[in-house]
Amino acid sequence: MPNLVIAISSRALFDMRESHRVYEEQGLDAYAAYQIAHEDEPLAPGEAFGFVRKLLDLNARFDAGVEVVLLSRNSADTGLRVFNSIEHHQLSITRAAFCGGDAPWRYITAFGCHLFLSTEAEDVRHALDNGVAAATLVSHGTTKSSNAQLRVAFDGDAVLFSDEAERIYKQEGLEAFTASERASAKQPLSGGPFRGFLGALHDLQQSAPEHESPIRTALVTARSAPAHERVIRTLRAWNVRIDESIFLGGMDKSAFLKAYQADVFFDDQASHCASASAHVATGHVPHGVANQGADKL
(Lines give C-alpha, C1' and ligand atoms only; values in the text may rest on other atoms or scores of the structure.)
Protein backbone atom coordinates (compact mmCIF):
# COMPACT_ATOMS: atom_id res chain seq x y z
CA MET A 1 0.00 0.00 0.00
CA PRO A 2 1.24 3.55 -0.74
CA ASN A 3 2.31 5.65 2.23
CA LEU A 4 0.47 8.74 0.96
CA VAL A 5 -2.34 8.97 -1.60
CA ILE A 6 -3.49 12.31 -3.01
CA ALA A 7 -6.59 12.69 -5.16
CA ILE A 8 -6.79 15.68 -7.46
CA SER A 9 -9.29 16.99 -9.99
CA SER A 10 -8.22 17.71 -13.56
CA ARG A 11 -8.97 21.45 -13.19
CA ALA A 12 -6.75 21.66 -10.10
CA LEU A 13 -3.88 19.88 -11.85
CA PHE A 14 -4.09 21.63 -15.22
CA ASP A 15 -5.13 25.04 -16.52
CA MET A 16 -8.51 24.27 -18.06
CA ARG A 17 -9.95 27.76 -17.98
CA GLU A 18 -10.47 27.96 -21.75
CA SER A 19 -12.25 24.61 -22.06
CA HIS A 20 -14.33 25.39 -18.97
CA ARG A 21 -15.34 28.69 -20.55
CA VAL A 22 -16.56 26.74 -23.60
CA TYR A 23 -18.60 24.51 -21.29
CA GLU A 24 -20.18 27.45 -19.45
CA GLU A 25 -20.96 29.48 -22.57
CA GLN A 26 -21.85 26.74 -25.09
CA GLY A 27 -22.79 23.64 -23.10
CA LEU A 28 -21.63 20.06 -22.69
CA ASP A 29 -21.70 18.99 -26.35
CA ALA A 30 -19.54 21.94 -27.40
CA TYR A 31 -17.17 21.22 -24.52
CA ALA A 32 -16.82 17.58 -25.56
CA ALA A 33 -16.16 18.56 -29.16
CA TYR A 34 -13.58 21.12 -28.05
CA GLN A 35 -11.68 18.66 -25.88
CA ILE A 36 -11.63 15.99 -28.59
CA ALA A 37 -10.49 18.52 -31.20
CA HIS A 38 -7.64 19.63 -28.91
CA GLU A 39 -6.75 16.29 -27.29
CA ASP A 40 -3.26 16.29 -28.79
CA GLU A 41 -2.55 19.78 -27.38
CA PRO A 42 -1.10 19.43 -23.86
CA LEU A 43 -2.77 21.41 -21.12
CA ALA A 44 -0.64 23.94 -19.27
CA PRO A 45 0.12 23.41 -15.57
CA GLY A 46 -2.59 24.43 -13.14
CA GLU A 47 -2.61 25.76 -9.59
CA ALA A 48 -1.57 22.51 -7.88
CA PHE A 49 0.79 21.24 -10.60
CA GLY A 50 4.00 22.20 -8.80
CA PHE A 51 2.84 20.63 -5.55
CA VAL A 52 1.93 17.39 -7.33
CA ARG A 53 5.23 17.22 -9.24
CA LYS A 54 7.23 17.65 -6.03
CA LEU A 55 5.13 14.97 -4.33
CA LEU A 56 5.76 12.49 -7.12
CA ASP A 57 9.47 13.38 -7.21
CA LEU A 58 9.73 12.08 -3.63
CA ASN A 59 9.42 8.54 -5.04
CA ALA A 60 12.58 8.98 -7.10
CA ARG A 61 14.44 10.67 -4.25
CA PHE A 62 13.86 8.04 -1.55
CA ASP A 63 11.14 5.58 -2.63
CA ALA A 64 8.50 7.46 -0.61
CA GLY A 65 5.47 5.46 -1.71
CA VAL A 66 3.48 8.51 -2.85
CA GLU A 67 0.60 8.05 -5.27
CA VAL A 68 -1.51 10.68 -7.03
CA VAL A 69 -4.94 9.69 -8.36
CA LEU A 70 -6.92 11.76 -10.87
CA LEU A 71 -10.63 12.19 -10.08
CA SER A 72 -12.56 13.94 -12.81
CA ARG A 73 -16.10 14.84 -13.84
CA ASN A 74 -15.01 14.29 -17.46
CA SER A 75 -15.94 11.15 -19.32
CA ALA A 76 -13.09 8.92 -20.44
CA ASP A 77 -13.64 10.28 -23.95
CA THR A 78 -13.21 13.95 -23.05
CA GLY A 79 -10.63 13.02 -20.40
CA LEU A 80 -8.20 11.64 -22.96
CA ARG A 81 -6.70 15.13 -23.29
CA VAL A 82 -6.01 15.10 -19.55
CA PHE A 83 -4.19 11.75 -19.73
CA ASN A 84 -2.26 12.91 -22.79
CA SER A 85 -1.21 15.99 -20.80
CA ILE A 86 -0.11 13.82 -17.87
CA GLU A 87 2.09 11.86 -20.26
CA HIS A 88 3.42 15.03 -21.88
CA HIS A 89 4.48 16.49 -18.53
CA GLN A 90 5.93 13.12 -17.45
CA LEU A 91 3.82 12.79 -14.32
CA SER A 92 3.67 9.25 -12.94
CA ILE A 93 -0.12 9.21 -12.53
CA THR A 94 -1.65 5.90 -13.61
CA ARG A 95 -4.94 5.65 -11.70
CA ALA A 96 -8.02 7.73 -12.49
CA ALA A 97 -11.80 7.83 -12.25
CA PHE A 98 -13.66 9.64 -15.06
CA CYS A 99 -17.19 10.05 -13.76
CA GLY A 100 -19.10 11.35 -16.78
CA GLY A 101 -20.58 14.37 -15.03
CA ASP A 102 -21.19 12.73 -11.64
CA ALA A 103 -19.37 13.74 -8.47
CA PRO A 104 -15.95 12.02 -8.24
CA TRP A 105 -15.60 12.38 -4.44
CA ARG A 106 -17.46 9.04 -4.06
CA TYR A 107 -14.24 7.19 -4.97
CA ILE A 108 -11.94 8.96 -2.51
CA THR A 109 -12.30 6.35 0.24
CA ALA A 110 -12.06 3.45 -2.21
CA PHE A 111 -8.69 4.75 -3.44
CA GLY A 112 -7.52 5.17 0.18
CA CYS A 113 -6.86 8.89 -0.21
CA HIS A 114 -5.34 11.08 2.52
CA LEU A 115 -6.08 14.35 0.71
CA PHE A 116 -8.43 15.58 -2.03
CA LEU A 117 -7.82 18.80 -3.99
CA SER A 118 -10.45 20.19 -6.32
CA THR A 119 -11.90 23.40 -7.73
CA GLU A 120 -15.44 22.18 -6.95
CA ALA A 121 -16.36 23.39 -3.45
CA GLU A 122 -19.30 21.01 -3.12
CA ASP A 123 -17.12 17.96 -3.83
CA VAL A 124 -14.64 19.19 -1.24
CA ARG A 125 -17.37 19.54 1.40
CA HIS A 126 -18.57 16.00 0.72
CA ALA A 127 -15.01 14.70 1.11
CA LEU A 128 -14.64 16.51 4.44
CA ASP A 129 -17.98 15.11 5.59
CA ASN A 130 -16.59 11.65 4.86
CA GLY A 131 -13.50 12.18 7.00
CA VAL A 132 -10.96 12.96 4.25
CA ALA A 133 -8.79 16.09 4.30
CA ALA A 134 -9.92 18.24 1.38
CA ALA A 135 -9.53 21.77 0.06
CA THR A 136 -10.85 23.95 -2.73
CA LEU A 137 -7.99 25.36 -4.79
CA VAL A 138 -8.21 29.14 -5.05
CA SER A 139 -6.98 29.84 -8.56
CA HIS A 140 -4.90 32.88 -9.48
CA GLY A 141 -2.79 31.11 -12.09
CA THR A 142 0.16 28.85 -11.40
CA THR A 143 2.62 29.53 -8.61
CA LYS A 144 6.04 27.95 -8.34
CA SER A 145 8.49 27.67 -5.48
CA SER A 146 12.19 27.77 -6.36
CA ASN A 147 13.04 25.59 -3.34
CA ALA A 148 13.85 21.94 -4.00
CA GLN A 149 12.03 20.83 -0.86
CA LEU A 150 8.32 20.08 -0.76
CA ARG A 151 7.04 22.83 1.55
CA VAL A 152 3.53 22.58 3.00
CA ALA A 153 1.98 25.19 5.29
CA PHE A 154 -1.11 24.81 7.46
CA ASP A 155 -3.38 27.05 9.46
CA GLY A 156 -4.12 25.64 12.91
CA ASP A 157 -7.68 25.92 14.18
CA ALA A 158 -10.29 24.11 12.03
CA VAL A 159 -7.50 22.72 9.79
CA LEU A 160 -4.91 20.81 11.82
CA PHE A 161 -6.93 21.18 15.01
CA SER A 162 -10.66 21.15 15.72
CA ASP A 163 -12.54 24.45 15.74
CA GLU A 164 -13.31 24.24 19.48
CA ALA A 165 -11.10 27.23 20.35
CA GLU A 166 -12.13 29.21 17.28
CA ARG A 167 -15.78 28.84 18.29
CA ILE A 168 -15.06 30.59 21.57
CA TYR A 169 -13.28 33.40 19.73
CA LYS A 170 -16.14 33.82 17.24
CA GLN A 171 -18.88 33.67 19.86
CA GLU A 172 -17.29 35.39 22.87
CA GLY A 173 -14.35 37.43 21.58
CA LEU A 174 -10.58 37.59 21.96
CA GLU A 175 -10.50 38.04 25.73
CA ALA A 176 -12.59 34.92 26.34
CA PHE A 177 -10.54 32.97 23.80
CA THR A 178 -7.26 33.95 25.47
CA ALA A 179 -8.57 33.07 28.95
CA SER A 180 -9.87 29.71 27.72
CA GLU A 181 -6.61 28.80 25.99
CA ARG A 182 -4.57 29.79 29.02
CA ALA A 183 -6.76 27.62 31.26
CA SER A 184 -6.59 24.69 28.78
CA ALA A 185 -2.89 25.04 27.93
CA LYS A 186 -2.04 21.50 29.04
CA GLN A 187 -5.13 19.92 27.44
CA PRO A 188 -4.42 18.83 23.82
CA LEU A 189 -6.75 20.10 21.14
CA SER A 190 -8.80 17.58 19.20
CA GLY A 191 -7.65 16.82 15.68
CA GLY A 192 -9.05 18.71 12.71
CA PRO A 193 -9.59 17.43 9.15
CA PHE A 194 -5.88 17.70 8.20
CA ARG A 195 -4.45 15.88 11.21
CA GLY A 196 -4.19 12.59 9.25
CA PHE A 197 -2.52 14.26 6.27
CA LEU A 198 0.01 15.96 8.54
CA GLY A 199 0.67 12.59 10.19
CA ALA A 200 1.31 10.98 6.80
CA LEU A 201 3.77 13.76 5.89
CA HIS A 202 5.47 13.32 9.25
CA ASP A 203 5.87 9.58 8.60
CA LEU A 204 7.45 10.35 5.22
CA GLN A 205 9.83 12.78 6.89
CA GLN A 206 10.84 10.09 9.35
CA SER A 207 11.62 7.66 6.55
CA ALA A 208 13.62 10.19 4.51
CA PRO A 209 17.41 10.56 4.76
CA GLU A 210 18.20 12.47 7.96
CA HIS A 211 20.83 14.76 6.45
CA GLU A 212 18.62 16.05 3.64
CA SER A 213 14.91 16.05 4.39
CA PRO A 214 12.96 16.61 1.15
CA ILE A 215 9.83 17.71 3.08
CA ARG A 216 9.33 20.73 5.32
CA THR A 217 6.14 21.69 7.14
CA ALA A 218 5.00 24.92 8.76
CA LEU A 219 2.18 26.04 11.02
CA VAL A 220 1.14 29.60 10.11
CA THR A 221 -1.45 30.74 12.62
CA ALA A 222 -3.11 33.96 13.76
CA ARG A 223 -2.56 32.81 17.35
CA SER A 224 -0.02 34.53 19.58
CA ALA A 225 1.22 34.15 23.15
CA PRO A 226 -0.24 32.97 25.49
CA ALA A 227 -2.38 30.88 23.09
CA HIS A 228 0.77 29.31 21.64
CA GLU A 229 1.36 26.87 24.50
CA ARG A 230 -1.68 24.67 23.86
CA VAL A 231 -0.69 24.30 20.19
CA ILE A 232 2.87 23.24 21.08
CA ARG A 233 1.65 20.76 23.67
CA THR A 234 -0.95 19.36 21.26
CA LEU A 235 1.65 18.55 18.59
CA ARG A 236 3.88 17.08 21.29
CA ALA A 237 1.02 14.85 22.47
CA TRP A 238 0.44 13.70 18.87
CA ASN A 239 4.19 12.98 18.51
CA VAL A 240 4.17 14.93 15.24
CA ARG A 241 6.93 17.24 14.08
CA ILE A 242 6.26 20.67 12.62
CA ASP A 243 9.46 22.23 11.27
CA GLU A 244 8.38 25.86 11.59
CA SER A 245 5.68 27.46 13.76
CA ILE A 246 4.78 31.08 13.04
CA PHE A 247 2.50 32.81 15.56
CA LEU A 248 1.33 36.01 13.89
CA GLY A 249 -1.09 37.51 16.39
CA GLY A 250 -3.49 38.53 13.63
CA MET A 251 -0.95 39.80 11.07
CA ASP A 252 -1.54 39.04 7.39
CA LYS A 253 -0.11 35.65 6.47
CA SER A 254 0.75 36.19 2.81
CA ALA A 255 4.20 37.79 3.24
CA PHE A 256 5.27 35.01 5.61
CA LEU A 257 4.04 32.29 3.24
CA LYS A 258 5.97 33.92 0.40
CA ALA A 259 9.12 34.07 2.56
CA TYR A 260 8.66 30.43 3.56
CA GLN A 261 8.28 29.52 -0.16
CA ALA A 262 5.26 27.30 0.44
CA ASP A 263 4.20 24.97 -2.35
CA VAL A 264 0.69 24.90 -0.90
CA PHE A 265 -1.12 26.47 2.06
CA PHE A 266 -4.34 25.30 3.72
CA ASP A 267 -6.64 27.62 5.70
CA ASP A 268 -10.30 27.62 6.73
CA GLN A 269 -10.75 31.41 6.51
CA ALA A 270 -11.84 32.74 3.12
CA SER A 271 -10.18 36.12 3.69
CA HIS A 272 -6.82 34.50 4.52
CA CYS A 273 -7.05 32.32 1.42
CA ALA A 274 -7.82 35.30 -0.82
CA SER A 275 -4.71 37.20 0.28
CA ALA A 276 -2.40 34.16 0.32
CA SER A 277 -3.43 32.93 -3.13
CA ALA A 278 -1.62 35.77 -4.86
CA HIS A 279 1.68 34.31 -3.62
CA VAL A 280 1.23 30.54 -3.10
CA ALA A 281 -1.11 27.79 -4.21
CA THR A 282 -3.87 27.98 -1.60
CA GLY A 283 -6.53 25.51 -0.54
CA HIS A 284 -9.65 26.72 1.24
CA VAL A 285 -10.85 24.19 3.84
CA PRO A 286 -14.62 24.75 4.18
CA HIS A 287 -14.79 23.39 7.71
CA GLY A 288 -15.67 24.70 11.13
CA VAL A 289 -17.44 27.72 12.54
CA ALA A 290 -15.88 30.21 10.08
CA ASN A 291 -17.70 28.44 7.24
CA GLN A 292 -21.15 28.33 8.77
CA GLY A 293 -21.99 31.91 7.78
CA ALA A 294 -20.93 34.71 5.50
CA ASP A 295 -17.23 33.82 5.56
CA LYS A 296 -17.65 30.96 3.08
CA LEU A 297 -15.45 31.17 0.00
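Before reading further, recall that the structure is shown in the block above.
What you see is a predicted model, and the numbers here were worked out from it, not measured in a lab.

Draft legend 1. Spotlight on the nonpolar core. Ranked by size, the top nonpolar core spans 71 residues in total, and within it Leu13, Phe154, Phe194, Phe197 and Phe266 carry the most contacts. At seven residues, helix H4 (residues 49-62) tops the list of elements feeding residues into this core. Per-domain counts for this core show at least three residues from each of domain 1 (4-135) and domain 2 (150-284). Not counting residues within four places of it along the chain, the set of residues in contact with Phe154 comprises Val159, Leu160, Phe194, Phe197, Leu198, Leu201, Thr217, Ala218, Leu219, Val220, Phe265 and Phe266. If you look at the next biggest cluster of nonpolar residues, it comprises 11 residues, including Ala218, Ile246, Phe265 and Val280.

Draft legend 2. Focus on the packing of helix H2 (residues 17-26) against helix H3 (residues 28-37). At a minimum axis distance of 7 Å, the contact between H2 and H3 shows a crossing angle of 150°. For the element pair H2 / H3, the angle class is roughly antiparallel. Where H2 crosses over H3, the handedness of that crossing is right-handed. Residues Glu18, Ser19, Val22, Tyr23 and Gln26 of H2 touch H3, and the partners they reach there are Leu28, Ala30, Tyr31, Tyr34 and Gln35. Its residues placed into classes, the contact of H2 with H3 shows six nonpolar, three polar and one charged.

Draft legend 3. The pattern of salt bridges, seen in detail. Applying the stated criterion across every chain, the model contains 18 salt bridges. A salt bridge links Asp157 to Arg223; its shortest N-O distance comes to 2.9 Å. On the criterion of sequence distance, the pair formed by Asp157 in the loop between strand S6 (150-154) and helix H7 (164-172) and Arg223 in the loop between strand S7 (215-221) and helix H10 (228-238) is long-range, its members being 66 residues apart. Comparing Asp157 with Arg223 shows no difference in burial state: the two are buried. Its salt-bridge partner being Arg241, residue Asp243 comes within 2.9 Å of it at the nearest N-O pair. Among the residues examined, Asp243 registers a relative accessible area of 23% and is labelled partly exposed. Members of the salt-bridge network, linked through shared partners, are Asp157, Glu164, Glu181, Arg223 and Arg230.

Draft legend 4. Spatial organisation of the packing of H7 against helix H8 (residues 174-183). H8 packs onto H7 with a crossing angle of 150° between their chain directions and a minimal axis gap of 7 Å. Regarding the angle of H7 to H8, the classification is roughly antiparallel. Taken as a pair, H7 and H8 cross one another with a handedness that is right-handed. For the pair H7 and H8, the contacting residues are Ala165, Ile168, Tyr169 and Glu172 in the first and Leu174, Ala176, Phe177, Ser180 and Glu181 in the second.

About the criteria used
Residues numbered from 1 in each chain as written. Predicted model: local features only at pLDDT ≥ 70, side-chain atom pairs only at ≥ 80, totals over all residues. Heavy atoms only, no water. Core = buried A, V, L, I, M, F, W, Y, C linked by side-chain atoms within 4.5 Å. Buried < 20%, exposed > 50% of the residue type's maximum accessible area, 1.4 Å probe, protein only. Helix = DSSP H or I, 4+ residues; strand = E, 2+ residues; numbered from the N terminus. Domains from an automatic or database assignment. Contact = heavy atoms within 4.5 Å. Axes fitted to C-alpha atoms, helices over the stretch in contact; angles between N-to-C directions. Parallel < 35°, antiparallel > 145°, perpendicular 65-115°, else oblique. Left-handed = near helix turned anticlockwise from the far one by under 90°. Nonpolar A, V, L, I, M, F, W, Y, C, P; charged D, E, K, R; others polar. Salt bridge = Lys/Arg side-chain N within 4 Å of Asp/Glu carboxyl O.

Everything listed here is a matter of geometry and, on its own, says nothing about what the molecule does.
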